[in-house]
Amino acid sequence: MTSITQLFQNILKALATLSLLKKAGIGLLFFLFFTSAFSQDSKDWYAIDSRMARDHNVCKKLQGNVLVYAIWVDTKSSLGWTNYDINTATDSINRAINWIQDQAAKSNIQLHISFDYLSSDTSRTVEQNLPGPVTKVLAADDGIDQLEKWGNRVVNKVYPDYKNKERLVAKLRDQYNVESVVLLYMLNNYYKDDCSITLNAMSNDYVEFAVSSFKVPGLIAHEILHVFGAADLYYHKYSTTKLYKSDLKKMFPNDIMTSPREYISQLEIGPITKYLIGWTDIIDLKYIQYFKEQKSDVRKGRDVIY
Ligand SMILES: [Zn+2]
């Protein structure tokens, strides 16, 4: 009897070891799959949390004294800036700024945004070519690198002893006595479809900045809010949280992060955006799920928000 029991016990042990090995094997396969899926440089999907941009980088909370600093850049794929174009774009930026300040006042947030733009002794614009429209540049594996270098070269052209944007931001903070500086690289597009983006909002190593291809006040305000940590609340091809985004569109149809192309006076800043830009530290638990996103554009620890 003892030997039969022992035999059974041995069989059971062998089965258990087999199943453990099997589980370990499957585990190893999953591990290898995920490692290979997430270890390449680009065009992979990354799980991110949009709260990573909250209270982060140069523009932390959207309050106090803020400077929006435009840089009018001429590239071969965009039009050259004329005085007329600069004036109309300045009007749009001022409308965006006034709208944000009105929204802040409604939420009892102390906020003063001043506006200025880069100019050298000889010109208000900076000529620095990009290999194509922003959408095309970003499609390349090293697209973010290219835009990062382009952003630094623009600064370097006007301030030859500044290697990157960091020095410019430090100088502007002192000069204008502001906590936050929004670097807004403006491209002149007319009847052309390019995109506006914010780079490095979640980065620890690179100064965040926005590139705007539009002169629509709502889109400019949308991009400024991105720099302060706001996330998109509409679906686009670089984000896989399609279901969540369509939920959000229904919940917040007039939010600036949902419908930036609408007439700005009809738009508002909703609870998710208020939380992300630091206007409140309280967020309803039902919104927590919407911070989780899958993004294709997080490369080498840097990020693009469209
Ligand atoms: Zn956006």
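Calculation criteria
- Residues numbered from 1 in each chain as written.
- Predicted model: local features only at pLDDT ≥ 70, side-chain atom pairs only at ≥ 80, totals over all residues.
- Buried ≥ 20, exposed ≤ 12 C-beta atoms within 10 Å, placed from the backbone.
- Helix = DSSP H or I, 4+ residues; strand = E, 2+ residues; numbered from the N terminus.
- Pairing = 2+ DSSP bridges.
- pLDDT = per-residue confidence, 0-100.
- Contact = placed C-beta atoms within 7 Å.
- Expected span 1.5 Å × (residues − 1).
- Arc of directions from axis to C-beta.

Asker: Which parts of the structure should I look at to understand the pairing of strand E7 (residues 209-212)?
Answerer: Regular strands place their side chains on alternate faces of the sheet. Because side chains alternate across E7, one face comprises the buried residues Phe209 and Val211, and the other comprises Ala210 and Ser212, equally buried. Two strands pair when backbone bridges link them, and strand E5 (residues 180-187) and E7 are joined in this way by three bridges, in the parallel orientation. Following the sheet pairing, Leu184 is matched in E7 by Ala210. Where strand E6 (residues 197-199) lies against E7, three bridges are found, and the strand directions are antiparallel. In the strand pairing of E7, Ile197 is matched with Val211.

Asker: Looking at this model, I keep getting lost on unusual backbone geometry. Mind explaining?
Answerer: Of all residues except glycine, most have a negative phi; of all peptide bonds, most are trans. The backbone phi angle of Asp55 is positive, close to 55 degrees, even though this residue is not glycine. Along the chain, Asp55 turns up in the loop between strand E1 (46-49) and strand E2 (64-74). With 15 C-beta atoms counted inside 10 Å, the residue Asp55 sits in the partly exposed group. The backbone of Asn108 sits at a positive phi, close to 55 degrees, despite the residue not being glycine. Position of Asn108 among the secondary structure elements: in the loop between helix H2 (83-106) and strand E3 (111-117).

Asker: Sorry if this is basic, but what is going on with the confidence of the model for the chain here?
Answerer: The predicted structure's coordinates, where accompanied by low pLDDT, should not be read in detail. Looking at the chain as a whole, its pLDDT mean stands at 84, while 79% of the residues score no less than 70. Within the model, the stretch residues 20-42 combines pLDDT values under 50 with eight contacts to residues more than four positions away or in other chains.

Asker: Would you mind showing me how to read helix H5 (residues 165-176) here?
Answerer: Note that an α-helix has 3.6 residues per turn; residues three or four places apart therefore point the same way. Over its twelve residues, H5 extends 16 Å from the first C-alpha to the last, a length consistent with the 16 Å expected when each residue adds 1.5 Å. Of the positions making up H5, those classed as buried are Lys165, Leu168, Val169 and Leu172. End-on, the buried residues of H5 take up no more than an arc of 100 degrees, which puts them together on one face. Residues of H5 that are buried in the fold lie against E2, helix H4 (143-158), E5 and E7. Positioned one or two residues after H5, Asn177 has a phi angle of 55 degrees, which is positive.

Asker: What is the right way to look at the environment of Asn156 in this model?
Answerer: Looking at where Asn156 falls in the secondary structure, it is placed in helix H4. A count of 19 C-beta atoms within 10 Å places Asn156 in the partly exposed class. A C-alpha to C-alpha distance of 9.4 Å links Asn156 and Leu168, two positions twelve residues apart in sequence. Setting aside anything within four residues of it in sequence, one finds Asn156 in contact with Tyr162 and Lys163.

Asker: Even after reading the chapter, I still don't get H4, so can you show me in this structure?
Answerer: Under the 1.5 Å per step criterion, the end-to-end length of H4 is 23 Å for 16 residues, consistent within 8% with the ideal 22 Å. Turning to H4, its buried residues number three or more, namely Gly143, Ile144, Leu147, Glu148, Gly151, Asn152, Val154 and Val155.

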